[in-house]
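# Architecture and fold: a report
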Amino acid sequence: MFEALSEKLNGVFGRLGNKGRLTERDIDEALREVRMALLEADVNFRVAREFVARVRKEALNSDLLKSLSPGQQVVKITSDALVDILGGGVHRLEAGGRQPSVILMVGLNGAGKTTASAKLARHLKQAGQTPVMVAADLQRPAAIQQLQTLGKQVDVAVYEGGSARSTPRVARDGVKRATELNAAWAIVDTAGRFQVDNELMSELEAVKNAVSPDETLLVVDAMTGQEAVEAAKQFHDRIGLTGLIMTKMDGDARGGAALSITAVTGVPIKFIGTGERPDALEPFHPDRLASRILGMGDMLTLIDKAQANFDRAEAAEMEKKIRQATFDLEDFLGQLQQLKQMGPISQVLEMVPGFSAMKGKVSVDELDDSHLVRTEAIIRSMTPEERRRPEIIGGSRRRRIARGSGTTPQDVNQLLNQFGQMQKMMRQMMGAPTGKRSRGGKRQSKKMRRMMREQANIFNLPNV
Ligand SMILES: Nc1nc2c(ncn2[C@@H]2O[C@H](COP(=O)(O)OP(=O)(O)OP(=O)(O)O)[C@@H](O)[C@H]2O)c(=O)[nH]1
Ligand SMILES: [Mg+2]
């Protein structure tokens with residue numbers, strides 16, 4: 001997401017930061033580049049123009065030109081402006097005053113409505129609330145079945161209207177069913193169209209009148225760029241939206257739609273979709289995205305993800321093992337699996353501050369998912385005894401493991417060496433006896449140890 005924009009902005013601000021003091025001309029030059037970068041990212045031209053004008057005004061009004069770290073202040077002003085155009089704070093789902101609260105999902109064909117319905121259902125369920133999904137797409141023959149399959153995956157009840165042919169009727173009956181089931185939420189999935197047309201809008205108006213939704217969420221495909229923005233304007237004018245779900249952010253390198261849509265329509269993005277699976281949904285945090293774009297990383301989302309995926313008790317157990325230096329390859333395998341659950345490693349790493357600047361300097365081969373898969377295959381080909389005591393692995397065992405995992409004895413060797421180093425590192429950072437004592441004194445090493453431990457807790461994997 002936002003790779004090109006992020007890279008360009010980092011370049012501009014990097015050059016600016018290298019200058020001691022700034023002149024008005026320096027700022028204008030930088031902002032011209034910022035504007036170009038925004039336009040290349042497919043940001044709506046009016047939004048780009050207003051954005052740059054605001055940053056310029058604030059930069060010149062501040063004491064920036066006299067300050068000693070003007071570059072940093074420009075970044076701060078830009079970051080605040082980005083947060084604003086992205087919608088300010090987090091916009092949560094608003095429950096209505098009755099049971100169930102109704103969410104109406106609308107959008108063009110293929111935007112991701114049905115997938116997003118299931119993702120939302122899962123999200124609500126994880127928050128301890130009971131959702132019911134209502135299959136009110138009577139256009140596409142397979143739509144009901146698609147929702148039912150997803151319902152099974154996320155373990156959420158799906159209402160379907162049988163032979164009923166009236167969409168408002170099915171929607172209303174579905175909400176009634178949700179009431180009977182004592183559900184807190186009813187999520188109504190509707191049919192899409194290839195473009196915004198009168199027929200679609202009339203149908204949605206009728207559904208809206210039938211169920212009086214608390215939330216009317218437009219699902220838009222980030223990859224369609226300014227078309228998504230245009231569609232959002234039309235939907236909002238006609239039926240009134242309370243929020244947006246921007247899907248396929250994982251496939252959208254430019255990010256223009258996300259950066260323009262709220263500024264153009266006034267409707268906030270509530271969630272973003274970052275993959276096809278039901279767990280690939282994130283509440284939208286403008287501040288985190290802004291810092292991600294400006295290359296400041298996104299530790300908060302990473303921590304959220306880590307917390308959602310990691311079991312506290314298990315993490316404590318791991319820490320103990322690391323501290324006592326009994327962390328073995330079996331544990332390592334468990335860690336790899338948890339890491340994989342957080343999403344593609346490239347996406348996870350993108351959130352680490354400074355990683356965008358590091359990109360290209362680190363060997364990608366060491367970071368991509370295929371490396372994880374290979375590592376996993378090697379460990380899986382070991383016997384439990386070998387996983388516990390890798391030191392017993394000699395030449396013939398090595399060859400057997402390589403054969404079993406479709407790798408080479410060198411690969412196995414490499415993994416064992418890396419693991420050995422990792423164990424050594426863990427012992428050092430957890431303060432287990434290493435025989436040596438650094439000259440830096442107690443205070444520093446204590447602080448360092450705490451920092452490392454915190455990091456190890458976040459990743460639950462010390463060598464990333
Ligand atoms: N990569 C990626 N794919 C997504 C995302 N959301 C949905 N998709 C995919 O987009 C395609 C269309 O998704 P649907 O949920 O069926 O879209 P829809 O809006 O319900 O489509 P219609 O009912 O035909 O209008 C599917 O292949 C989904 O897997 C996302 O966030 N990322
Ligand atoms: Mg659908």
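Residues numbered from 1 in each chain as written. Chains lettered and ligands numbered in written order. Predicted model: local features only at pLDDT ≥ 70, side-chain atom pairs only at ≥ 80, totals over all residues. Heavy atoms only, no water.

Once that is clear, we can look at the site of ligand 1. For ligand 1, the set of nearby residues contains 20 residues, the closest of which are Lys113, Thr114, Thr115, Asp250 and Glu276. Lys119 places a side-chain nitrogen or oxygen 3.3 Å from an oxygen atom of ligand 1. Side-chain polar atom of Glu276 to an oxygen atom of ligand 1: 2.8 Å apart, as the coordinates give it. Look at ligand 1: alone it shows 660 Å² of surface, and the protein chains cover 81% of it. In terms of residue count, helix H5 (residues 113-126) provides more of the shell around ligand 1 than any other element does, four residues in total. A breakdown of the residues in the shell around ligand 1 according to their chemical character gives two nonpolar, 11 polar and seven charged. (Near = heavy atom within 4 Å. Polar contact = N/O pair within 3.5 Å; in protein donor to acceptor, adjacent residues only side chain to side chain. Areas by Shrake-Rupley, 256 points an atom, 1.4 Å probe, with all protein chains shown as cover. Helix = DSSP H or I, 4+ residues; strand = E, 2+ residues; numbered from the N terminus. Nonpolar A, V, L, I, M, F, W, Y, C, P; charged D, E, K, R; others polar.)

The next subject is the nonpolar core. Among the nonpolar cores identified, the biggest contains 99 residues, and Leu120 and Met246 are the most heavily contacted of them. In terms of residues, this core owes the most to one element, helix H4 (residues 70-85), which gives seven residues. Looking at which domains feed residues into this core, each of domain 1 (3-85) and domain 2 (101-289) gives three or more. In this structure, Met246 is in contact with Val220, Ala222, Ala257, Ala258, Ile261, Ile269, Phe271, Ile272 and Gly273, ignoring residues within four places of it in sequence. Counting residues in each nonpolar core, the second largest holds 19 residues, with Phe327, Leu333, Leu336 and Leu416 among its members. (Core = buried A, V, L, I, M, F, W, Y, C linked by side-chain atoms within 4.5 Å. Buried < 20%, exposed > 50% of the residue type's maximum accessible area, 1.4 Å probe, protein only. Domains from an automatic or database assignment. Contact = heavy atoms within 4.5 Å.)

Turning to the packing of aromatic side chains, a few remarks are in order. Counted according to the given criterion, the structure contains one aromatic pair. Aromatic side chains Phe332 and Phe419 sit 5.8 Å apart centroid to centroid with 45° between the ring planes, which places their arrangement in the tilted category. With a gap of 87 residues between them, Phe332 in helix H14 (residues 329-341) and Phe419 in helix H20 (residues 409-429) connect regions that are remote in the sequence. Residue classification places Phe419 among the buried positions, given a relative accessible area of 3%. (Phe/Tyr/Trp six-rings, centres within 6.5 Å; stacked < 30°, edge-to-face > 60°.)

Here we come to the sheet that holds strand S5 (residues 215-221). The strand order S3-S2-S4-S1-S5-S6-S7-S8 describes an open sheet built from eight strands, whose pairing is mixed. Here the strands that pair on one side only, and so sit at the sheet edges, are strand S3 (157-160) and strand S8 (281-283). Direction aside, neighbouring strands of the sheet carry axes that sit 25° apart on average. One ladder, built from five bridges, connects strand S1 (residues 101-106) with strand S4 (residues 185-190); its direction is parallel. (Pairing = 2+ DSSP bridges. Axes fitted to C-alpha atoms, helices over the stretch in contact; angles between N-to-C directions.)

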